[in-house]
Amino acid sequence: MSALLEVSGVTKTFDGFRAIDDLSFSVNEPELRAIIGPNGAGKTTFMDLVTGKIRPDAGTICYGDLSRDLTKMSEAQIARAGIGRKFQKPTVFEDQTVEENLTMALAAPRAPFAVLFRRTDARVAARGAAARVGLEDRMQTPAGVLSHGQKQWLEIGMLLAQEPRLLLVDEPAAGMTSAERERTTEMLVEAAKTRAVVVIEHDMEFVRRLNCRVTVLHEGHALAEGSLDHVCADPRVIDVYLGRQEAADA
Amino acid sequence: MRFLLALAVALLTSPVAAQTGPVQALLQTHAEDIAKPSRRTIQPVLDDLAASDLPAMPDFLEAWADKGVVRHDADGLFFYGTREGDIYALRSVEDGTDVGEVARRDASELKPNAGVRKLIATALVQFQLNDPDPDRRRAALDSLSRNPTPDLLAPLRASIEAEEDRLIRNRKEALDRLITIRFGTDQTARLTAIDWMADRISLEARAALNAVLTTDRIVGTPPEGANIARTLQVGTDITAEVALDLLADEGIVPDAVSRADRDAALVANIAGAAVAGTPVAQLDTEEARWTAYAALSGTGLAPPRPPVDAAAILLAMNPITEVYDEADPAITEAAVAALAQVDARVARAQAADMTLDAVSLASIYFLAAIGLAITFGVMGVINMAHGEFIMIGAYTGYVVQQIVPDYTWSLVIALPLAFVVAGAAGVALERLVIRHLAHRPLETLLATFGISVALQQIFKNIFGTQAVPLTSPDWLAGAWSLNDVVGISYIRIAIFVLAAVFLALLVYILRRTRLGLEVRAVTQNPGMAASLGIDPDRVGMATFALGSGIAGVAGVAIGLFAQVTSEMGAGYIVQSFMTVVVGGVGSVFGTLAGAGLIGGLQKGIEWLNPSNTLAAQTYMILFIILFIQVRPRGIVAQKGRFVQ
Amino acid sequence: MTDAASSSGQKYLGGAGAGPRPLIARADVLVFLCALAFVTIVATLMAQAGWVSTSFVKLLGKTLCLCIAALAMDLVWGFTGILSLGHFAFFGIGGYAIGMWLMWSRTEGIVLETLSRAPLPATPLEIEEAIGSQIFGVVGSSDVPALWTFAGSLPLQLAFAVLVPGAIALIFGWLAFRSRVVGVYLSILTQAGTLALSLWLFQNDNGLRGNNGLSGLQNIPGLSGTPQSTLSLWFLWGSAVALALAYLLAAWTVSGRFGSVLRGIRDDEARVRFLGYEVERYKLAVFTGTAMACGVAGALYYPQAGIVNPAEIAPIASIYLAVWVAIGGRGRLYGAVIGAAVVSLASSWFTGGGAPDIDLGFYEIKWTDWWLVLLGLSFVAVTLFAPKGLGGLVDLWTARRAMRRQGDLGPDQGALRAEEESR
């Protein structure tokens with residue numbers, strides 16, 4: 001096992017507020033990893049940094065066998081290098097059908113002229129991708145009319161269709177029914193067998209079900225790492241969560 | 001009774017009724033010289049008249065020089081006379097009161113010749129230079145600087161001592177130097193005067209120094225002792241064609257032959273189907289035609305051409321020099337140095353003037369754009385009809401002026417009324433259209449454009465296509481001028497003040513009031529603001545009322561100096577957008593900075609290329625497009641992680 | 001990157017049976033092409049029979065060219081979400097490019113004719129000067145500007161009609177998209193760029209005759225013997241063929257994955273970026289391609305209009321282009337065509353005095369004065385109450401015919417749904 005993603009010494013400041021402070025973090029391939037932490041711990045900012053939406057003030061983010069520096073690549077380049085991202089809110093193209101959504105995500109040349117002139121029939125591949133998330137019978141349905149959970153799955157399906165090596169998933173279980181949660185857990189665990197999956201989650205129950213290594217993020221840096229039980233026993237983690245609890249109660 | 005009336009009329013119409021006073025008495029002592037003046041004899045008379053110091057004397061001299069004085073043949077008295085058909089209407093030389101009429105044949109008009117008139121004018125200026133009315137003194141100085149003569153140097157100098165008005169005194173002193181420089185004979189005095197001029201900025205100073213530096217072009221060796229300005233280099237100072245023309249003027253080379261002359265000569269010498277042996281059909285290139293012409297002139301059938309090939313040698317043999325008309329090199333050197341100083345000072349003054357212009361333009365842009373900036377910042381929508389609110393304001397001012405004729409009062413009424421009318425229009429637009437297009441900014445842009453088109457056409461239908469006047473009160477007419485170069489019209493100062501007032505008002509509203517707090521909250525994070533119980537609809541409406549109202553006020557201000565037409569708003573809308581975008585959305589000071597940048601830039605480009613305002617706007621827009629590359633969020637960028 | 005995991009590799013265009021329907025067999029394409037052919041043939045027959053005037057045929061031909069521009073606008077705005085307020089400027093540039101050739105060649109013919117009567121055969125310099133003073137006398141100059149170096153060459157000027165808009169769009173788009181200018185900012189920026197261009201064209205010393213523009217373009221050099229009634233038909237057919245090709249090209253472009261990506265960019269460009277597509281390149285390709293299409297349309301339009309001047313390029317013309325597309329219904333190709341045709345024909349009818357004035361007793365509504373008010377307000381009404389535009393009517397019809405069929409959804413579907421939910 002070698003590190004697929006190596007984040008070291010990354011700092012990001014917004015108008016004097018240190019959202020990420022000297023963060024170091026690494027994930028292997030394949031691996032399932034959960035990142036937990038209280039509000040404002042910098043979880044989403046961390047994802048923004050890895051996917052190139054924002055640039056760090058300091059530090060390096062190296063990825064892949066060649067240890068390419070992600071901080072010098074555009075979002076699209078990073079995505080093509082094999083990093084997929086699922087947003088907190090389900091973001092699928094609501095005006096387009098499930099098939100169109102998945103076709104866009106399928107691994108294929110992405111340069112404009114290649115897409116325009118080299119037209120291949122991707123319907124079989126799209127159907128295969130839909131089957132993985134249980135949407136094969138909704139191929140011609142506009143994504144906008146899917147239920148909330150189905151949209152989440154469609155998005156996961158799109159991510160898998162991209163065939164990424166690293167999957168970043170932001171609060172996948174939010175707003176799902178318990179049956180949908182179970183299904184989602186299965187999908188993530190299944191995906192993590194062949195690739196690295198990083199799940200950001202609030203819901204401890206869901207994290208426990210993932211049954212994986214956990215990194216606790218607090219005030220922009222990694223506070224503890226290990227199994228869920230291990231980190232929950234860590235006094236600093238207890239302090240952070242309980243301290244907040246007390247402050248909130250007060 | 002009727003008899004008495006007739007008698008009174010008879011008395012009035014009789015010149016005898018005129019009383020004699022000191023002026024008439026003095027005139028009578030020189031009666032014959034005045035009636036039939038000659039250049040040789042008139043000077044002592046003028047001196048005597050001038051020495052009298054009578055207050056009515058300048059009027060008389062003026063009228064005399066203007067052929068406005070008649071002499072009554074019967075009694076030899078002088079009157080101001082205006083010819084009306086066959087009679088002269090007479091007025092007293094003492095105080096200008098009507099004293100009756102006289103038949104044209106009973107009086108003779110005084111007709112001083114040109115020489116005498118000049119002497120009279122000189123004597124008159126002497127009077128006017130000491131006139132108690134400052135306007136007349138200024139008028140005298142104007143005429144003197146238009147037409148300076150050495151004769152007037154003495155009276156001018158004499159009048160300086162008693163001058164009390166500082167500005168007029170300055171002008172008198174300047175004029176004294178100016179005349180000294182141009183007509184003086186004493187080198188030291190002239191040099192002193194030139195040095196003095198070096199510290200001035202006036203157009204007159206530059207004119208005086210330039211007058212010293214006039215030159216003539218001389219072909220060949222200049223005469224001994226000539227004050228040479230420079231030897232012209234062909235290619236850098238003048239073109240070879242001009243140089244050859246100069247040589248031709250001296251008869252050194254033949255006159256240039258134009259292409260038309262050449263063709264005429266060729267056509268005149270067509271023999272058979274050929275010219276000088278060349279078939280006409282082959283004369284279809286310029287080279288062929290010149291060759292044929294050379295052949296013609298070789299046989300004497302056409303005048304020769306100047307030897308274009310030998311031009312360099314000819315010019316080397318016949319250098320062309322510029323020689324000063326002024327013979328004294330010390331004077332010209334001093335003048336060149338002084339002129340350089342004056343030019344530098346003028347350039348600085350022009351920069352200051354341009355800065356004032358830029359500030360005033362920036363004020364206009366600020367007023368026009370700030371309403372847009374507020375609504376854009378708070379609601380995130382582009383209101384394409386914003387320019388039409390400016391127009392509505394201007395037309396409100398126009399309508400008020402139709403009802404209230406006093407320009408000051410109508411302005412006092414129009415400003416708040418324009419705010420209310422345009423503000424109401426803004427609220428109507430917000431409630432009827434924009435609110436229903438929430439979160440669809442591009443549709444909002446286009447829908448408001450539809451409103452803009454409709455409003456323009458409606459106003460055109462009501463008020464016509466012709467521009468209507470919005471007249472500023474008299475106290476806003478005119479300009480405040482610091483010197484000959486730096487000046488700014490009062491209207492622009494008023495607009496600057498208006499912009500400053502609205503800036504202060506807006507900063508106060510945004511920083512110190514509840515509404516301002518809510519507006520800032522909605523600008524920064526609409527979702528959070530709504531969850532804190534701030535009604536975004538109410539805030540949106542209030543900002544629209546405020547922003548549109550300010551546009552209305554801006555319309556009145558703009559209407560005072562520009563034309564009020566139904567399309568006037570469209571001319572400001574793109575500039576306003578630029579101002580908002582460059583400044584940074586949602587910030588009053590950003591808009592101020594944007595207006596300053598755009599106003600300054602436009603004036604700066606106009607200064608570099610003064611003949612072309614269109615080009616200035618073109619380049620400015622291109623600059624802005626590039627500027628957005630560097631600072632996509634504007635000068636004063638909104639900060640924070642929620643900014644997308 | 002490997003190619004798609006798809007096994008079939010069937011070509012989209014050539015696919016049949018179970019595959020996606022070929023472009024030409026799609027209902028909207030078929031209906032459109034038939035309607036276009038019908039209109040063109042009927043107009044030709046009526047013109048031959050003398051029932052419609054030459055100016056009406058020209059109006060029809062010009063309208064077809066405007067439809068091409070509207071298609072381009074629909075691609076860039078309705079599908080990709082870039083509200084460009086400058087595409088009509090590209091249309092105008094195409095007109096200028098072809099206008100330069102038309103004016104130059106025709107003037108050259110006249111000048112050669114005049115000079116041939118002179119005693120001496122004309123020299124090249126004389127010819128150039130004569131053409132120069134003919135064309136530029138109106139702006140007080142007789143020198144031929146460098147811009148006109150290739151004005152005598154039809155192929156080059158035709159190439160410029162396409163390449164100049166393309167180059168301008170490429171540079172402008174590269175600058176704007178690179179710095180991630182989006183939404184209304186981009187609209188304003190395109191508007192500003194258009195304003196700069198039109199202000200430049202308004203200058204008399206720019207070499208393009210300032211506000212006089214180029215005129216006499218209806219006279220085609222070498223065809224002086226052909227009557228305008230015949231020429232107008234030729235241009236009508238030319239415009240119809242160009243529109244048909246443009247429609248096919250546009251339909252091909254927005255079909256398949258490319259179309260999906262464009263609509264994805266319109267709805268959520270960040271998401272498309274995270275899918276690995278270089279959004280900026282797509283935008284640039286569409287922006288540039290549509291600019292070139294507009295150039296072609298302009299090159300066809302202005303010989304029928306006879307005159308091109310800077311007012312045609314002013315930002316307002318580009319906004320009207322957007323208005324046509326919005327009224328017709330954006331995000332659907334036939335919507336753009338319907339909008340452009342309906343609005344520009346209605347505009348001619350109202351402003352040309354075709355519409356009867358309405359006497360209200362106390363006021364007489366003259367449509368020449370009130371047409372713009374009607375247009376402006378009806379546009380607002382369409383935006384507010386019928387965001388799908390006239391094309392939305394087609395949905396009502398198809399929905400009744402085939403309840404279960406999934407029609408293509410307009411860009412405002414999401415907003416509509418949100419509106420419905422809020423009720």
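Given the structure is predicted, the values throughout are model-derived calculations rather than measurements.

Calculation notes
- Residues numbered from 1 in each chain as written.
- Chains lettered and ligands numbered in written order.
- Predicted model: local features only at pLDDT ≥ 70, side-chain atom pairs only at ≥ 80, totals over all residues.
- Heavy atoms only, no water.
- Core = buried A, V, L, I, M, F, W, Y, C linked by side-chain atoms within 4.5 Å.
- Buried < 20%, exposed > 50% of the residue type's maximum accessible area, 1.4 Å probe, protein only.
- Helix = DSSP H or I, 4+ residues; strand = E, 2+ residues; numbered from the N terminus.
- Contact = heavy atoms within 4.5 Å.
- Domains from an automatic or database assignment.
- Patch = residues over 30% accessible without salt bridge, like charges linked within 9 Å, V, L, I, M, F, W, Y side chains within 5 Å.
- Areas by Shrake-Rupley, 256 points an atom, 1.4 Å probe, with all protein chains shown as cover.
- Salt bridge = Lys/Arg side-chain N within 4 Å of Asp/Glu carboxyl O.
- Lys, Arg positive; Asp, Glu negative; His and termini not counted.
- Charge placed at Lys NZ, Arg CZ, Asp CG, Glu CD.
- UniProt positions renumbered as here; feature names shortened; annotations may be inferred.
- Expected span 1.5 Å × (residues − 1).
- Bend = angle between axes of the 7 residues up to and from the residue.
- Polar contact = N/O pair within 3.5 Å; in protein donor to acceptor, adjacent residues only side chain to side chain.
- Phe/Tyr/Trp six-rings, centres within 6.5 Å; stacked < 30°, edge-to-face > 60°.
- pLDDT = per-residue confidence, 0-100.
- Axes fitted to C-alpha atoms, helices over the stretch in contact; angles between N-to-C directions.
- Parallel < 35°, antiparallel > 145°, perpendicular 65-115°, else oblique.
- Nonpolar A, V, L, I, M, F, W, Y, C, P; charged D, E, K, R; others polar.
- 1 Å grid on protein atoms, 1.4 Å probe; cavity = no way out; pocket = protein on both sides within 12 Å on 5 of 7 lines; lining within 4 Å.
- Points joined across faces, edges and corners; volume = space filled by probe spheres on them.
- Buried area = accessible area lost by both parts, 1.4 Å probe.
- Pairing = 2+ DSSP bridges.

## Here's the deal with the nonpolar core
Next up, step 1: By size, the foremost hydrophobic cluster in this structure holds 269 residues, and its most contacted members are Leu 154 and Val 197 of chain A, Leu 367 of chain B together with Trp 77, Leu 83, Phe 91 and Trp 148 of chain C.
Next up, step 2: Here this core gets 16 residues from one element, more than from any other, and that element is helix H2 (residues 54-79) of chain C.
Next up, step 3: Ignoring sequence-local partners within four residues, the contact set of Trp 77 of chain C consists of Leu 442 and Leu 446 of chain B together with Ile 82, Leu 83, Arg 266, Ala 322, Val 325, Ala 326 and Arg 330 of chain C.
Next up, step 4: Judged by nonpolar contacts, the second largest core, of 36 residues, contains Val 125, Leu 156, Ile 168 and Ile 201 of chain B.

## Observations regarding the domain arrangement of chain B
Next up, step 1: As far as domains go, chain B holds domain 1 (2-118), domain 2 (130-214), domain 3 (217-324) and domain 4 (347-630).
Next up, step 2: Relative to domain 3 of chain B, the C-alpha centre of domain 1 of chain B lies at a distance of 65 Å.

## Here we look at a positive patch on the surface
Next up, step 1: On the surface, Lys 67, Arg 83, Arg 104, Lys 111 and Arg 117 of chain B cluster together into a positively charged patch.
Next up, step 2: Topologically, Arg 117 of chain B is positioned in helix H6 (residues 114-129).

## Description of a negative patch on the surface
Residue and element names in this part refer to chain B.
Next up, step 1: Where like charges cluster on the molecular surface, the negative patch consists of Glu 241, Asp 245, Asp 249, Glu 250 and Asp 255.
Next up, step 2: Its place among the elements puts Asp 255 in the loop between helix H12 (240-249) and helix H13 (259-268).
Next up, step 3: Residue Asp 255 is classed as exposed on the basis of its relative accessible area of 54%.

## A few points about the UniProt feature "transmembrane region" (unreviewed entry) in chain B
Residue and element names in this part refer to chain B.
Next up, step 1: In the numbering used here, UniProt assigns the "transmembrane region" (unreviewed entry) feature to residues 364-382, 411-429, 490-510, 544-564, 576-601 and 613-630.
Next up, step 2: The span residues 364-382 is 84% helical and 0% strand by assignment, and the distance between its end C-alpha atoms comes to 20 Å.
Next up, step 3: Between the end C-alpha atoms of residues 544-564 the distance is 23 Å, and the span holds 86% helix and 0% strand.

## Description of helix H18 (residues 407-432) of chain B
All names here are of chain B.
Next up, step 1: For H18, which comprises 26 residues, the first-to-last C-alpha distance of 36 Å matches the rise-based estimate of 38 Å (1.5 Å per residue) to within 8%.
Next up, step 2: In H18, a bend of some 30 degrees at Ala 414 exceeds every other bend along the element, and Pro 416, a proline, comes one to four places later.
Next up, step 3: Those residues of H18 that fall on the buried side of the exposure criterion are Ser 410, Leu 411, Ala 414, Ala 418, Ala 422, Gly 423, Gly 426, Leu 429 and Glu 430.
Next up, step 4: Buried-residue contacts for H18 involve helix H16 (329-379), helix H17 (386-403), helix H19 (441-463) and helix H23 (536-561).
Next up, step 5: The N-cap residue of H18 is Asp 406: its side-chain oxygen and the backbone nitrogen of Thr 408 are 3.0 Å apart.

## Considering the packing of aromatic side chains
Residues and elements named next belong to chain C.
Next up, step 1: Applying the stated criterion to the full structure yields 31 aromatic pairs over all chains.
Next up, step 2: Arranged with centres 6.3 Å apart and planes meeting at 25 degrees, the rings of Phe 172 and Phe 287 form a pair that is stacked. Of this pair, Phe 172 sits in helix H5 (residues 154-178) while Phe 287 is found in helix H9 (residues 279-305), placing the two residues 115 residues apart along the sequence.
Next up, step 3: According to the relative accessible area criterion, Phe 287 is buried, its value standing at 3%.
Next up, step 4: A centroid spacing of 6.2 Å and a plane angle of 90 degrees characterise the contact between Tyr 363 and Trp 370, whose relative ring orientation is edge-to-face.
Next up, step 5: Overall, Tyr 363 belongs to the partly exposed group, its relative accessible area being 34%.

## A short note on the confidence of the model for chain B
Residues and elements named next belong to chain B.
Next up, step 1: Looking at chain B, pLDDT values average 82 and 95% of them are 70 or higher.
Next up, step 2: Counting contacts from residues 6-18, a segment whose pLDDT is below 50, to residues more than four positions away or on other chains yields 14 contacts.
Next up, step 3: Residue range residues 640-644 is modelled with pLDDT below 50. Its contacts to residues more than four positions away, or to other chains, number 9 contacts.
Next up, step 4: Across the whole predicted complex the pTM is 0.82, and at the interface the ipTM reaches 0.87.

## A look at the packing of H2 of chain C against helix H8 (residues 256-274) of chain C
All names here are of chain C.
Next up, step 1: Direction vectors running N to C along H2 and H8 enclose 55 degrees, while the axes themselves pass 8 Å from each other. Our classification of the angle between H2 and H8 gives oblique. Counting all contacts with H2, which are made through Trp 77, Gly 78 and Phe 79, the residues of H8 involved are Leu 262, Arg 263 and Arg 266.
Next up, step 2: Classifying every residue of the contact of H2 with H8 gives 3 nonpolar, 1 polar and 2 charged.

## A short note on empty space enclosed by the protein
Next up, step 1: Scanning the model with the defined rule gives 6 cavities of 30 Å³ or more in all.
Next up, step 2: Forming the boundary of the largest cavity are 12 residues, of which Glu 443 of chain B together with Ala 326, Arg 330, Thr 383 and Pro 387 of chain C lie nearest the centre.
Next up, step 3: Those elements giving two or more residues to the lining of the largest cavity turn out to be H19 of chain B together with helix H12 (367-385) of chain C.
Next up, step 4: Tallying contributions element by element places H12 of chain C first for the lining of the largest cavity, with 3 residues.

## Quick word on the interface of chain C and chain B
Next up, step 1: On the side of chain B, 51 residues touch chain C, which itself brings 54 residues to the contact.
Next up, step 2: Across the interface of chain C and chain B, roughly 4,600 Å² is buried in total on both sides, 75% from carbon and sulfur atoms.
Next up, step 3: Along the contact surface separating chain C from chain B lie 3 salt bridges.
Next up, step 4: One salt bridge in this structure joins Glu 443 of chain B and Arg 330 of chain C, with 2.5 Å as the shortest N-O distance.
Next up, step 5: For the pair chain C and chain B, the number of links is 7 residue pairs in polar contact (both at pLDDT 80 or more).

## Considerations on the pairing of strand S2 (residues 17-28) of chain A
Residues and elements named next belong to chain A.
Next up, step 1: As defined by bridge partners, strand S1 (residues 3-14) adjoins S2 across 8 bridges and the pair is classed as antiparallel. Counterpart to Phe 14 in the pairing with S2 is Phe 17.
Next up, step 2: Once S1 ends, the chain turns through 2 residues before running back antiparallel as S2, passing Asp 15 with a positive phi of about 45 degrees.

## As for the pattern of salt bridges
All names here are of chain B.
Next up, step 1: Across all of its chains, the model carries 58 salt bridges over all chains by this definition.
Next up, step 2: In this structure, Arg 157 and Asp 176 form a salt bridge, with 3.0 Å as the shortest nitrogen-oxygen distance. Here Asp 176 lies in helix H9 (residues 166-183) and Arg 157 lies in helix H8 (residues 153-160), a separation of 19 residues in the sequence.
Next up, step 3: Judged by relative accessible area, Arg 157 falls into the partly exposed class, the value being 42%.

## So, unusual backbone geometry
Next up, step 1: In this chain, Glu 29 of chain A is followed by Pro 30 of chain A through a cis amide linkage whose omega measures -5 degrees.
Next up, step 2: Inspection of the secondary structure assignment puts Pro 30 of chain A in the loop between S2 and strand S3 (31-36).
Next up, step 3: Its identity as a non-glycine residue notwithstanding, Glu 219 of chain A has a phi of 45 degrees, on the positive side.
Next up, step 4: In this fold, Glu 219 of chain A is placed in the loop between strand S9 (213-218) and strand S10 (221-227).
Next up, step 5: Using a relative accessible area of 47% as the deciding quantity, one classes Glu 219 of chain A as partly exposed.
Next up, step 6: Residue Arg 180 of chain C is not a glycine yet carries a positive backbone phi of 55 degrees.
Next up, step 7: Within the element layout of this structure, Arg 180 of chain C appears in the loop between H5 and helix H6 (183-202).
Next up, step 8: The partly exposed category is assigned to Arg 180 of chain C, whose relative accessible area is 37%.

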